[in-house]
Number of protein chains: 2
Amino acid sequence: MKRNSRLSSTLHILVHMAEKPERALTSEQLATFIHTNPVVVRRTIAGLRDAGIVTSSRGHGGGWLLGRAPEKISLAEISVALGETLLPFSTEPESPGCLVEQAVIAVLDDFRVAAERLLAEKLDRITLADLTADFRRRFDLIGVSSHAV
Amino acid sequence: MKRNSRLSSTLHILVHMAEKPERALTSEQLATFIHTNPVVVRRTIAGLRDAGIVTSSRGHGGGWLLGRAPEKISLAEISVALGETLLPFSTEPESPGCLVEQAVIAVLDDFRVAAERLLAEKLDRITLADLTADFRRRFDLIGVSSHAV
DNA sequence: GTTTCATGTAACTTAGTTAGTTACGATTCG
DNA sequence: CGAATCGTAACTAACTAAGTTACATGAAAC
């Protein structure tokens, strides 16, 4: 799992889970999908559990399941649950009292607020079901196994 | 200069330059505005020079000047010249051949393209002149010196 | 109830990124 | 020439995030 790929890695995991909705998948299994470590998986998707997007159960036969239907899981929720920031730039004051800086931060923050609302609206309209539909289209076209190592 | 504050730090510098358009400011002077090192300043705004947003001259009396009027310098250009990425998440394949991953990346890239166009359009409408106007409004209101340490 | 399989989580290590620093060559003006 | 200034390479330091190890907790199977 590379840097900055938490969103795509998590979506990868979730689509796999959506394809086997009846069976709990272990962190170990999920980890192999994205070529990483079970502990990294648990840590990464812990926030999704808190948000009700997935559920986890311990012990024999335990593992991870989707918390609700893929149609009801939006990328916006997933992104928030992962703690991802949509816009990367910082606007924290470094020269308190400087009016130039205050002007810069004010304008940049206005932009940020508007931009984040726009992006959140777009992400809200994409659901996990859309992703699985896209996957199935590709699967039907090519007709091979779902996961290559 | 903190991490991820390159855009706001650079804008801070540019507004100061716009306030003294007749006088070349040295990297040393610019560095004090954002509490950092002259070399960091040169490195950071080198891209702005390549984009024609600022000019630099060496030797005695040298330094930095705006390359054109503040009305003709948009935040979109500045952001590009800094090499900033508007959206932070990565969508590079890590499991070539996995159809699930391909579906995820396809959807995410569609989103990214649309989102980046939206953001670029918004940033294109904000110019350095807007920032200086905001600064002057604050300055007139409070009526004190332009820069506190 | 013991064993086995699984998550939860803390603590540490490793790798990668970026700012900061030092040093010095190139350029310009007085 | 000498002082001022940028350009840039090379190195250091700080920070972040992933990877790893270890172990406690909980649940099912037997």
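Owing to the predicted nature of the structure, the values given are computational and were not obtained by experimental measurement.

A.B. asks: Would you take a moment to explain the protein's contact with DNA strand D for this structure?
C.D. replies: Close to DNA strand D lie 25 residues, the nearest being Thr36(A), Arg43(A), Gly59(A), Ser27(B) and Arg49(B). A distance of 3.0 Å separates a base nitrogen of DNA strand D from a polar atom in the backbone of Gly59(A). A distance of 3.3 Å is found between a base nitrogen of DNA strand D and a side-chain nitrogen or oxygen belonging to Arg43(B). Partitioning the surface near DNA strand D into residue classes produces five nonpolar, twelve polar and eight charged.

A.B. asks: When you look at the protein's contact with DNA strand C in this model, what are you seeing that I'm missing?
C.D. replies: Of all residues adjacent to DNA strand C, which total 25 residues, the nearest are Ser27(A), Arg42(A), Arg49(A), Thr36(B) and Arg43(B). For the surface near DNA strand C, the leading source of residues is helix 3 (residues 38-50) of chain A, giving four residues. The class makeup of the residues in the surface near DNA strand C is five nonpolar, twelve polar and eight charged.

A.B. asks: Sorry, what's going on with unusual backbone geometry here?
C.D. replies: For residues that are not glycine, phi is negative in most cases, and the peptide bond is trans in most cases. Residue and element names in this part refer to chain A. A positive phi angle, near 55°, is found at His35, a position not held by glycine. Along the polypeptide, His35 turns up in the loop between helix 2 (27-33) and helix 3. Given a relative accessible area of 39%, His35 falls into the partly exposed group.

Rules behind the numbers
The numbers attached to residues start from 1 for each chain and follow its sequence in the written order. Each chain gets a letter, beginning with A, and each ligand a number, beginning with 1, in the order they are written. Restriction of local features to residues with pLDDT of at least 70 applies here, the model being predicted, together with a cutoff of 80 or more for giving and counting side-chain atom pairs; totals for whole chains, interfaces and linings are based on all residues. In computing side-chain values, all of the structure's heavy atoms are included and hydrogens and water are not. Here a residue is near a molecule or strand as soon as one of its heavy atoms is found within 4 Å of it. Any N or O atom pair separated by 3.5 Å or less is treated as a polar contact, with the protein-specific requirement of one donor-capable and one acceptor-capable atom, and with residues adjacent in sequence counted only for side-chain atom pairs. Residues were grouped as follows: Ala, Val, Leu, Ile, Met, Phe, Trp, Tyr, Cys and Pro as nonpolar; Asp, Glu, Lys and Arg as charged; and all remaining residues, including Gly, as polar. Strands here are runs of E lasting at least two residues and helices are runs of H or I lasting at least four, both read from the DSSP assignment and numbered beginning at the N terminus. Only protein chains enter the accessibility calculation, which uses a 1.4 Å probe; a residue is then buried when its area is under 20% of its type maximum, exposed when over 50%, and partly exposed in between.

Purely spatial values, then, with no claim about function.
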